[in-house]
Amino acid sequence: MKFLSYHVAILQAAEFYCVRLGFKPVGYQGLETGHRLVASHVVQQNDIFFVFRSPLEPEKPQDMQQQLSRHGDGVKDIAFSVEDLEGILRVAVANGACVVREPWEESDENGTVKMVTLQTYGDTVHTLIDRSRYHGNFLPGYGAPTLKDPLLDKLPDCNLLRIDHVVGNQPDLEMTTVADWYEKILGFHRFWSVDDTQLHTEFSSLRSIVVANYEETIKMPINEPAEGKRKSQIQEYVDYYGGAGVQHVAMYTPNIIDTINSLRARGQHFLEVPDSYYDNLRERLSKAKIHVNEDIDTLQKLKILVDFDEKGYLLQIFTKLMQDRPTLFLEIIERHNHQGFGAGNFKSLFEAFELDQAARGNL
Ligand SMILES: [Fe+2]
């Protein structure tokens with residue numbers, strides 16, 4: 001299980017994720033709960049938790065103010081639920097981890113959690129959370145949600161079950177160092193997949209390494225830009241985010257057609273995919289060994305992408321940017337015996353991305 005924490009400047013973001021993406025408000029911290037400097041809104045969908053945070057005063061807390069002014073809205077903390085916090089921390093520190101916050105405990109009537117926060121790429125951090133002595137839904141110290149939206153019960157269920165992967169973009173030539181960090185500090189391993197290579201279109205290029213924890217329940221592709229005719233979309237991210245950071249968060253659904261019908265009905269916008277992509281897909285699938293159960297016309301109507309190999313396939317779709325800066329977006333994914341991340345879609349997908357990038361004058 002993983003939690004994600006965001007720093008955003010606005011309370012409305014939490015409501016946006018509820019109305020557009022099917023989350024429910026489950027917790028709140030702020031002045032009313034005795035938290036004088038930071039407001040937090042927690043939203044949940046099955047095993048996915050997002051915490052939206054913003055500072056309450058003009059200049060404090062300083063680190064949050066600096067984060068927001070430099071990076072804008074984005075992912076600050078990718079939190080992992082762990083079983084042996086002390087053991088992981090011992091190995092991490094012995095291997096040079098930077099501890100942002102020493103281990104601390106928080107308690108309420110549901111028990112106690114222990115946490116520690118480590119620095120990873122850019123200004124991003126990982127909070128490790130030992131929940132073995134805690135029986136509440138989220139974490140101690142949160143009051144009842146203040147958000148009560150009568151619309152939410154009327155909207156169709158989105159059925160996003162868990163986080164599938166979280167992608168980090170790095171400046172040029174920093175990917176390998178970051179992948180090594182996960183191996184050395186957190187005991188992750190390279191999760192070899194077809195995606196683990198250089199991917200390119202005519203104009204834009206990137207390299208990617210995927211790292212995973214021992215059980216392979218956490219997968220983190222790490223990208224860096226590569227030379228192309230024009231600016232890589234990874235470089236565009238790095239320029240606008242002001243360094244390394246989270247590019248996208250992918251969430252798993254067991255039925256992407258139902259999910260995307262719901263999300264579109266809720267008004268969520270997705271990346272456009274040209275019809276030529278589906279002509280090409282039909283052609284490639286006609287020669288393939290696997291069969292895609294879903295109706296291709298329906299996938300085309302909803303702009304869902306398909307990637308496959310000889311053993312299985314995945315279905316995926318990407319949202320438009322979640323804020324004004326060309327930085328964070330989201331992905332919805334369904335897997336059928338396929339553990340890749342959509343490398344086969346890179347060309348068609350990024351050609352579609354580049355239409356948007358060109359419209360912003362950044363290609
Ligand atoms: Fe992805």
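Residues numbered from 1 in each chain as written. Predicted model: local features only at pLDDT ≥ 70, side-chain atom pairs only at ≥ 80, totals over all residues. Heavy atoms only, no water.

1. Notes on the nonpolar core
In terms of nonpolar packing, the biggest core is built from 75 residues, with Phe 50, Tyr 182 and Val 249 touching the most fellow members. The greatest single-element share of this core, amounting to 7 residues, is contributed by helix α4 (residues 175-186). Shared between two domains, this core takes at least three residues from each, and those domains are domain 1 (2-151) and domain 2 (162-360). In this structure, Val 42, Ala 79, Trp 104 and Met 115 belong to the second largest nonpolar core, which totals 12 residues. (Core = buried A, V, L, I, M, F, W, Y, C linked by side-chain atoms within 4.5 Å. Buried < 20%, exposed > 50% of the residue type's maximum accessible area, 1.4 Å probe, protein only. Helix = DSSP H or I, 4+ residues; strand = E, 2+ residues; numbered from the N terminus. Domains from an automatic or database assignment.)

2. So, the coordination of the iron ion
Taken together, the protein ligands of the iron ion are His 165 (NE2), His 248 (NE2) and Glu 331 (OE), with distances of 2.0 to 2.2 Å. Motif for the iron ion, donor spacing along one chain: H-x82-H-x82-E. One end of the pair, His 165, is in strand β9 (residues 162-169); the other, Glu 331, is in strand β17 (residues 329-336), and 166 residues separate them in sequence. A relative accessible area of 1% places His 165 in the buried class. (Donors = N, O, S within 2.8 Å, 3.2 Å for Na, K, Ca; no water.)

3. A few points about the UniProt feature "binding site: Fe cation" (unreviewed entry) in the chain
What UniProt calls "binding site: Fe cation" (unreviewed entry) maps, in this numbering, to His 165, His 248 and Glu 331. For the residues just named, distributed over 167 residues, the greatest C-alpha separation is only 9.3 Å, placing them together at one site. Excluding anything up to four places from it in sequence, His 248 contacts His 165, Val 166, Val 167, Phe 318, Leu 328, Phe 329, Leu 330 and Glu 331. There is a polar contact of 2.8 Å between the side chain of His 248 and the side chain of Gln 247. If we skip the residues at most four places from it in the chain, Glu 331 touches His 165, His 248, Val 249, Ala 250, Met 251, Gln 316, Ile 317 and Phe 318. Side chain to side chain, Glu 331 and His 165 meet in a polar contact 3.1 Å long. (UniProt positions renumbered as here; feature names shortened; annotations may be inferred. Contact = heavy atoms within 4.5 Å. Polar contact = N/O pair within 3.5 Å; in protein donor to acceptor, adjacent residues only side chain to side chain.)

4. Considerations on the state of the cysteines
Every disulfide links exactly two cysteines, by a covalent bond between their sulfur atoms. Tallied over the full model, the rule gives 0 disulfides. The closest cysteine sulfur to the non-disulfide-bonded Cys 18 is located on Cys 158, 11 Å from its own sulfur. For Cys 18, a relative accessible area of 2% gives the class buried. Its relative accessible area of 0% is what places Cys 158 among the buried residues. (Disulfide = S-S within 2.5 Å.)

5. Digging into helix α2 (residues 62-71)
Among all positions in α2, only Met 64, Gln 67, Leu 68 and His 71 are buried. Taken end-on, α2 shows its buried residues confined to a sector of 100 degrees, consistent with a single buried face. Seen from the buried face of α2, the exposed residues on the opposite side, beyond 90 degrees, are Gln 62, Gln 66 and Ser 69. Taken from the residues just after α2, Gly 72 is the one with a positive phi, measuring 70 degrees. (Arc of directions from axis to C-beta.)

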